[in-house]
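Chain by chain, the residues:
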Amino acid sequence: MVSLTLPGEQDAVLEPAHEGSGKAHVQILGLSKRYAGQTQDALKNINLQVKRGEIFGIIGRSGAGKSTLIRCLNRLEAPSAGQVVIDGIDIGTLRDRELVQWRRRTGMIFQHFNLLSAKTVRENIELPMKVAGVPAAERQRKVDELLALVGLEQRQHAWPAQLSGGQKQRVGIARALVHDPELLLCDEATSALDPETTRAILALLKKINQQRHITIVLITHEMDVVHDLCHQVAVIDQGEIIERGPVWRVYSDPQQETTRQLLNPQHQALPEYLVPLLTSQRQNTQSRLLVRLRYTGQGASPDLGALSRRLAGEVTLLFSAIEWVENKATGQLLLLLDTSHDRAATQQALNGIADQLEIAGYVTGL
Ligand SMILES: Nc1ncnc2c1ncn2[C@@H]1O[C@H](COP(=O)(O)OP(=O)(O)OP(=O)(O)O)[C@@H](O)[C@H]1O
């Protein structure tokens, strides 16, 4: 996992940032894409809406169509059908010069940073402003502001080759913000980074969303990135959106097999060592009941006091994987009850204590 976040912490960071949140910022309408010479569509009739101030994650496996989708969002790729409407403007109708202007107001960060190796950190950040004809004094002021934002003041004269991956991505983020965009598109922004650096970059993106009220659309193949950063998620598979919704709901109660495979398996499956020990009927007097309590963000909370009040005898907490997503408990607890418990009485005793209660069976030999 990238991080374990406690309820109070996430309250502060996971609310959409912008006062005007709720209004559509990005609308993707009936978007399809088939590359020249291909017989299959890379994207099939995608319809999505991203609200202003939201952090929206698009997750999928390799080849699902993520890059194609994000490239259609900034018009690096022209769709075969459908529209991308950003701030009420159908970007497919923009002519070349308008498109250049529009792209300046849309920040883009990349997996491999795309820095110019012969320019220093400072020069890399300054360059898009030079190209756009921003006066020198204004360029210097903006570079200083962004160096402070991304925490790279001390490294401003370093060359890209002298930077760590996380520092390179900080430069990439600063460069993406030079024209004060309202929308930031992130293409696998943390995929080349180790978990600790990933955590720091995700925290920086959260800060930018909160402080600058920037809508963020990101693509990733890592569910942890979505879990730690996003408000909403859409799952893409073979060019189609197969599942979407608030992160807490998709994470805690995935409807599609592909989504389940992308998630942390600890949230879904029984630990492997238990499977051969489990039977539906009691095998002998040593057989003990295994109970699975699942929390899917629907309102139940893993209240250990309530559990102990309802269950007499010895109760072993065998396994727990609970996380808090947007202040909602998600995951599972596995309890092993002593030999005095039977199925029917336990079912009755624990009724309503979790979002889903499963009497998994009897465990013998543990
Ligand atoms: N320029 C191209 N020409 C032809 N086919 C392409 C092109 N780019 C992508 N494709 C195909 O479109 C489909 C979607 O690819 P895309 O790169 O969008 O997926 P992805 O989810 O970003 O995968 P990855 O995470 O591996 O980059 C794949 O079948 C891919 O082979």
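Definitions and cut-offs
- Residues numbered from 1 in each chain as written.
- Predicted model: local features only at pLDDT ≥ 70, side-chain atom pairs only at ≥ 80, totals over all residues.
- UniProt positions renumbered as here; feature names shortened; annotations may be inferred.
- Helix = DSSP H or I, 4+ residues; strand = E, 2+ residues; numbered from the N terminus.
- Buried ≥ 20, exposed ≤ 12 C-beta atoms within 10 Å, placed from the backbone.
- Contact = placed C-beta atoms within 7 Å.
- pLDDT = per-residue confidence, 0-100.
- Expected span 1.5 Å × (residues − 1).
- Axes fitted to C-alpha atoms, helices over the stretch in contact; angles between N-to-C directions.
- Parallel < 35°, antiparallel > 145°, perpendicular 65-115°, else oblique.
- Left-handed = near helix turned anticlockwise from the far one by under 90°.
- Nonpolar A, V, L, I, M, F, W, Y, C, P; charged D, E, K, R; others polar.
- Pairing = 2+ DSSP bridges.
- Near = placed C-beta within 6 Å.

### Section: the UniProt feature "domain: ABC transporter" (unreviewed entry) in the chain
So, step 1. The sites that carry the UniProt feature "domain: ABC transporter" (unreviewed entry) are, in the present numbering, residues 26-263.
So, step 2. Taken end to end, residues 26-263 is 39% helix and 25% strand, and its first and last C-alpha atoms sit 26 Å apart.

### Brief notes about the environment of Asp 187
So, step 1. Here Asp 187 shows up in strand E7 (residues 183-187).
So, step 2. Exposure remark for Asp 187: the 21 C-beta atoms within 10 Å place this residue in the buried category.
So, step 3. Measuring from C-alpha to C-alpha, the distance between Asp 187 and Ala 312 comes to 52 Å, with 125 residues separating the pair along the chain.
So, step 4. Once you skip the residues sitting within four places of it in the chain, Asp 187 turns out to touch Ser 67, Ile 70, Ile 109, Phe 110, Gln 111 and Ile 219.

### Let's talk about the confidence of the model for the chain
So, step 1. For the chain, mean pLDDT is 88; residues scoring 70 or higher make up 92% of the total.
So, step 2. Confidence drops under a pLDDT of 50 for residues 1-21, and excluding neighbours within four residues, the segment shows 44 contacts in the predicted structure.
So, step 3. Across the assembled chains, the prediction reports ipTM 0.97 with pTM 0.77.

### Section: unusual backbone geometry
So, step 1. One non-glycine residue, Asp 87, lies in the positive phi region at around 55°.
So, step 2. Within the fold, Asp 87 resides in the loop between strand E4 (81-86) and strand E5 (89-90).
So, step 3. Its identity is not glycine, yet Phe 113 carries a phi of approximately 70°, on the positive side.

### What about helix H6 (residues 165-176)?
So, step 1. Here H6 is 12 residues long and its end C-alpha atoms lie 16 Å apart, about the 16 Å a rise of 1.5 Å per residue gives.
So, step 2. For H6, the tally of buried residues reaches nine of 12 residues, placing the bulk of the element in the interior.
So, step 3. All buried positions along H6 are accounted for by Lys 168, Gln 169, Arg 170, Val 171, Gly 172, Ile 173, Ala 174, Arg 175 and Ala 176.
So, step 4. Buried-residue contacts for H6 involve strand E6 (106-110), helix H4 (121-131), helix H5 (136-150), E7 and helix H7 (195-212).

### Observations concerning the packing of H4 against H5
So, step 1. One way to put it is that H4 packs onto H5 with a least axis distance of 10 Å and a crossing angle of 135°. Viewed along their axes, H4 and H5 adopt a mutual orientation that is oblique. The handedness of the crossing between H4 and H5 comes out as right-handed. Contact residues: H4 offers Arg 122, Ile 125, Glu 126, Met 129 and Lys 130, while H5 offers Arg 139, Lys 142, Val 143 and Leu 146.
So, step 2. Looking at side-chain class alone, the contact of H4 with H5 contains four nonpolar, no polar and five charged residues.

### Things to note about the pairing of strand E14 (residues 328-337)
So, step 1. Most of E14 sits out of view: nine of its 10 residues are buried.
So, step 2. Pairing analysis gives seven bridges linking strand E12 (residues 288-296) to E14, with the strands arranged antiparallel. Within the sheet, the bridge partner assigned to Leu 290 lies in E14 and is Leu 336.
So, step 3. Both strand E13 (residues 315-325) and E14 contribute to a ladder of 10 bridges, which runs antiparallel. The residue bridging Ala 321 from the neighbouring strand is Gln 332, located in E14.
So, step 4. Linkage of E13 to E14, two consecutive antiparallel strands, is achieved through a turn of two residues, within which Glu 326 is found at a positive phi near 45°.

### Notes on the site of the ligand
So, step 1. In the neighbourhood of the ligand, the contacting residues comprise Tyr 35, Gln 38, Ala 42, Gly 60, Ser 62, Gly 63, Ala 64, Gly 65, Lys 66, Ser 67, Thr 68 and His 221.
So, step 2. Broken down by class, the residue content of the shell around the ligand amounts to three nonpolar, eight polar and one charged.

### A few points about the sheet that holds strand E11 (residues 278-279)
So, step 1. Spatial ordering of the open sheet is given by E11-E15-E12-E14-E13, a layout of five strands whose pairing is antiparallel. On the outer flanks of this sheet lie E11 and E13, each paired with one strand and no other.

### A closer look at the sheet that holds strand E1 (residues 24-33)
So, step 1. Pairing is antiparallel across the open sheet formed by four strands, whose spatial order is E2-E1-E4-E5. Only two strands of the sheet have a single neighbouring strand rather than two, namely strand E2 (43-51) and E5.
So, step 2. Sheet analysis places E4 next to E5, joined by two bridges and oriented antiparallel. Residue Ile 86 lies in a different strand from E5, and its bridge partner there is Ile 89.

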